[in-house]
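Listed below, chain by chain, are the residues.
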Amino acid sequence: EMAPRASAKVAASRNAARLLHSPAALVRAEGLTRAAAAAGMAPKRAYTLKRRNPYDVHVYYSDAESRARAMELRERMQVKFEWMRFHRPFDRPIGPHPVPMWEADFSSYENRNRWDEVRAWLESEAGDLP
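Because the structure is a prediction, the values reported are computed rather than measured.

S.K.: What should I look at first to understand the environment of Ser108 in this one?
M.R.: Relative to the helices and strands, Ser108 is located in the loop between β5 (101-105) and α5 (115-125). Accessibility expressed as a relative area gives 22% for Ser108, which makes it partly exposed. Sequence spacing of Ser108 and Arg85 is 23 residues, and the spatial spacing of their C-alpha atoms is 9.2 Å.

S.K.: Just checking my understanding: could you explain the pattern of salt bridges for this structure?
M.R.: Proximity of charged atoms lets side chains of opposite charge pair with each other. Per the counting criterion, the structure on display carries 9 salt bridges. Here Glu72 ties to Arg76 by a salt bridge, and the two come within 2.6 Å at their closest N and O atoms. With Glu72 and Arg76 both in helix α4 (residues 64-80) and 4 residues apart, this pair spans about one turn of that helix. The shortest N-O distance in the salt bridge between Arg114 and Glu117 comes to 3.5 Å. For Arg114, a relative accessible area of 30% translates into the label partly exposed.

S.K.: When you look at the pairing of β5 in this model, what are you seeing that I'm missing?
M.R.: Strand residues, when the strand is regular, have side chains that alternate between the two faces of the sheet. By the criterion of burial, β5 is predominantly enclosed, with 4 of the 5 residues buried. Across 5 bridges, strand β3 (residues 56-60) lies against β5 in antiparallel orientation. Within β5, the position partnered with His58 by the bridge is Glu103.

What counts and what doesn't
Residues numbered from 1 in each chain as written. Predicted model: local features only at pLDDT ≥ 70, side-chain atom pairs only at ≥ 80, totals over all residues. Heavy atoms only, no water. Helix = DSSP H or I, 4+ residues; strand = E, 2+ residues; numbered from the N terminus. Buried < 20%, exposed > 50% of the residue type's maximum accessible area, 1.4 Å probe, protein only. Salt bridge = Lys/Arg side-chain N within 4 Å of Asp/Glu carboxyl O. Pairing = 2+ DSSP bridges.

Keep in mind these numbers describe shape, not what the thing actually does.
This is how it looks when you write it as structure tokens:
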């Protein structure tokens, strides 16, 4: 089990699979991942939202079956949130992401207030993709 760290965002991002004990959907919110928030991790100082694309979503998968479910979720999300920008899937680890994944972001700072809508939808629709 990982102890809380000053840099919860970086630690959780780099260790997402270990934190969640399986490949997972990683949803970042104001500098904390859902996994870090659930683990009780918090930054030492308040987070200030910068005037840029503030949020993104990562959905991880590990095998053909979880990839199919992740791609089906992606298709439904593209219909539901047409304003989001969807990036191509990576079927291998890339950068700090320990397993294959796809990413979508909020496209611009103007969409920053839509976080709750996206988070709620993902929590209800992701099924067992954590």
